[in-house]
Amino acid sequence: MSKRTEGRMHLLSASMALACAAVWGGAGEEARTAAPGHSRLAAAVRTLSGDVLRRLAGPGMQRSAGREGAEVAIQLRERSALMRELIRTEPAEALRQALAPDALERIRAAWPGSAPLLEQRGQWQGTLETMVFESRNHAAPEVAHFLNAGGERLEVRLAGDPPAQVACGGQVRLRGLRVGDSVAAAEIEALGQPPRAASACATVGDQKIAVLLVTFPGVTPPAEVTPSSVASVLFGPGRSLSSYWNEVSYQQTTASGAVHGWYTLDRVYFCTEYNEMRAAALAAADADVDFRNFSRVFIIFPDPGGCPWTGFSTAGCWSTASPDGQILASTTWMLAESFVDPEQGLRLAVRQGGHALGLFDSRSRRFEGEPLGPLGETGTPGELDDPFTSMGASGLAHYTAEQKLLLGWIPPWSVPRIQSTGVYTIRPLEKQGSGNYALQVQRGAGNDAWLWIEYRQPVGVFGASIPSGASRGALIRYQDGALWPHADLVDFNPATPELEDSPLLVGTSWKDPYTNLSLAVLEATPDELTIQVKYGSTPCTLVRPSLAIQPNSQSAMAGDSVAYGLTVKSNDSGACPSRTYTLAALAPQNWQATFSPQVVTLAPGQSAPVTMNVTVPATAQPGTYPVDAGVVAGATVATALATLTVLPPPDPSLEITLNLGASPTELVPPGTVVFTAEVLGGGEPVPGVNVSFSLTQPGGSTLAVRFARTDDAGLASWSFRFRANDAKGDYIVTATVKSGSRTVTAQRTVRLR
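Residues numbered from 1 in each chain as written. Predicted model: local features only at pLDDT ≥ 70, side-chain atom pairs only at ≥ 80, totals over all residues. Heavy atoms only, no water.

(A) Quick look at the pairing of strand β29 (residues 599-602). Alternating residues of β29 divide into Val600 and Leu602, all buried, and Val599 and Thr601, none buried. Sheet topology note: the strand β27 (residues 579-586)/β29 ladder contains 4 bridges and is antiparallel. Bridge pairing links Thr580 to Thr601 in β29. (Buried < 20%, exposed > 50% of the residue type's maximum accessible area, 1.4 Å probe, protein only. Helix = DSSP H or I, 4+ residues; strand = E, 2+ residues; numbered from the N terminus. Pairing = 2+ DSSP bridges.)

The following block contains the structure:
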């Protein structure tokens, strides 16, 4: 049927709400445990940073011309590429390896034109979009986030803990570090959830899918993959995507559509050019498809060479440009080679179709020698290895209870939150009916950790593919928000490497050694599972403390001292007594670090601030160094990672000038006076220089001392508030700057009347 004879159905909205909550896993998890120096990427960045900074120590401020300028440009381009890769794979490490603002300003001043190659700190606001990429070797799927901000599309990786209440498609504000079009987000804030979806992009009802078979000049698609064979896999009455969704949703969701193609696009588009490929595919099918009639687009294409993924998809619907104007649709890309075997094609379509609906992949979380570790311990996440759902390692088993709840296929009341002792029943997830489809059991009191408990039976065409172990007990998944917002399968038979035997079996019980929770599976029939939930007395559980550091990156010159703020928190359970925590530094050899205080005593749940002062040796060479902190409590150690950039001294060939101002110069107290020091080298601002201020009162005694560092404009300021009872008369403020062996001072007088 041609596009001109098709009926036109216009979408009513260009915004949507996704079933998904944004997943911030993958590379960020590794980054939160990696220490500086343990990453080859980080070490390479540090080496290049040191090389560039040491060049600043040479004579002359303007170095853009000549051989040195060319060499620096090569180094900065290489460093920029490494920083972008570090953001993608270890975003927390990228934040630590970033040069301090004053170091960046020194480089920009010395080599004009270097700014595009350097990182920039800031905040960005826009709409969050998420994509999931499934690798060909069945490794962990890659989850990528993009921020549409001010006409730019920035790839975002989160360095800290996953945020709460951030939905795909929602408005967010993030703060962090940007290199090129890559951003390492230190913090992310939800500004608002997307509006409710138009019915055309909802997860309940018939999913209208436009399927486009596309190939490239000189690339021959598999002969076995035809429009009719693909239509059978996606929409046929037998084993198809539509039949799968129909069964798993309890007859609430199906799929329908048409398969168009093959179309030969104007050129070869590689997998990394997926947006360009989509635009070309939509244009090629323009005469045959009115895209306003569809809320899902599937693009099936042969591997053009070197594609690392079998399939990838947007997580939910985005506003997308089409030849028919903006449409609200998800887009899924899949390799045609996967559809040579219809069963393999169906499995790929079910998983990628789940991503299109807003779901993410399912995995396990293992703890050494036990089903669950202490509260706060993240364990070791698996890689697409949950054998009890099609979003994991199982080909066509049902989606999990959590996933069905997210899609609106089961009501919230059928997955109650359990926080009290009792005996509860759960119906098999494969069987539609009244009662509980799952339980969310709180893991002890006073935390946000939950156990999702469900029961499975081999019922239905696709439900029958569940591993046999699932029907012999309770399937339990763990959700604590530590790595991502969804629940991970936990293994209640950790003695074996397989996960098929992970359920808590009928007739067995489990006592959580770290909380007051215990579970006992009392009975299992084809129609329901009965489980006892009991909350007893809370044991004393000693847990690794938390240690945070701010800022995680600073700069100083050789011989200077800088201060870092630490926060120590006790994570012991409430039944434990107070414990003593001792601070220690993990700094380079011959560096001095002191703590104030060095020892703190904390009750469970308490926190305490600590200051770490780091002194850079006078012999330290320019470069970026790790200055980590550790806290020891018994046999447990927690660390907080930071860096310090040692700057070269100001150019010795330049005359250092220090100007000092005060505003106002006369005052009737109480009131505030602002002292501002300007440091110039050869008439140009010198950023990153320490300035000491000393205020002397009438009579000659020192009233106050303060240290500050010059900003990009070479300015350092100090605000001092005089009290009403301060002595009247002349106060003298002295500013001092040291540059190598030289000391420069300036003074101003303030009169109190």
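Back to the write-up after that little detour.
(B) Inspection of the confidence of the model for the chain at higher detail. Scored by pLDDT, the chain comes out at a mean of 87, with 89% of its residues at no less than 70. Low pLDDT, under 50, characterises residues 25-38; the stretch is placed with 35 contacts to residues that sit more than four places away or in other chains. (pLDDT = per-residue confidence, 0-100. Contact = heavy atoms within 4.5 Å.)

(C) Just the packing of aromatic side chains, in detail. For the coordinates displayed, the defined rule picks out 19 aromatic pairs. An angle of 25 degrees between the planes, with centres 5.3 Å apart, marks the rings of Phe133 and Phe312 as stacked. One end of the pair, Phe133, is in strand β1 (residues 120-135); the other, Phe312, is in strand β9 (residues 309-314), and 179 residues separate them in sequence. Both rings, one in Trp718 and one in Phe720, keep their centres 5.6 Å apart while their planes meet at 65 degrees; by these two values the pair is edge-to-face. Just as Trp718 is buried, Phe720 falls in that class too. Put simply, the rings of Phe675, Phe693, Trp718, Phe720, Phe722 and Tyr731 touch in pairs and so form one group of aromatic residues. Residue placement shows Arg153 over the ring face of Phe146; its charged tip is 3.9 Å from the ring centre. One cation-aromatic arrangement involves Arg417 over Trp450; the distance from NZ or CZ to the ring centre is 4.0 Å. (Phe/Tyr/Trp six-rings, centres within 6.5 Å; stacked < 30°, edge-to-face > 60°. Lys NZ or Arg CZ within 6 Å of the ring centre and 35° of its normal.)

(D) Geometry of the state of the cysteines. Under the counting rule described, the total for this entry stands at 3 disulfides. A sulfur-sulfur separation of 1.9 Å characterises the disulfide bridge that pairs Cys271 with Cys307. Its torsion about the S-S bond being -110 degrees, the disulfide of Cys271 and Cys307 is classed as left-handed. Note that Cys271 is positioned in the loop between β7 (253-264) and α8 (274-284) and Cys307 in the loop between β8 (296-301) and β9, a separation of 36 residues in sequence. This pair shows no difference in class: Cys271 is buried, exactly as Cys307 is. (Disulfide = S-S within 2.5 Å.)

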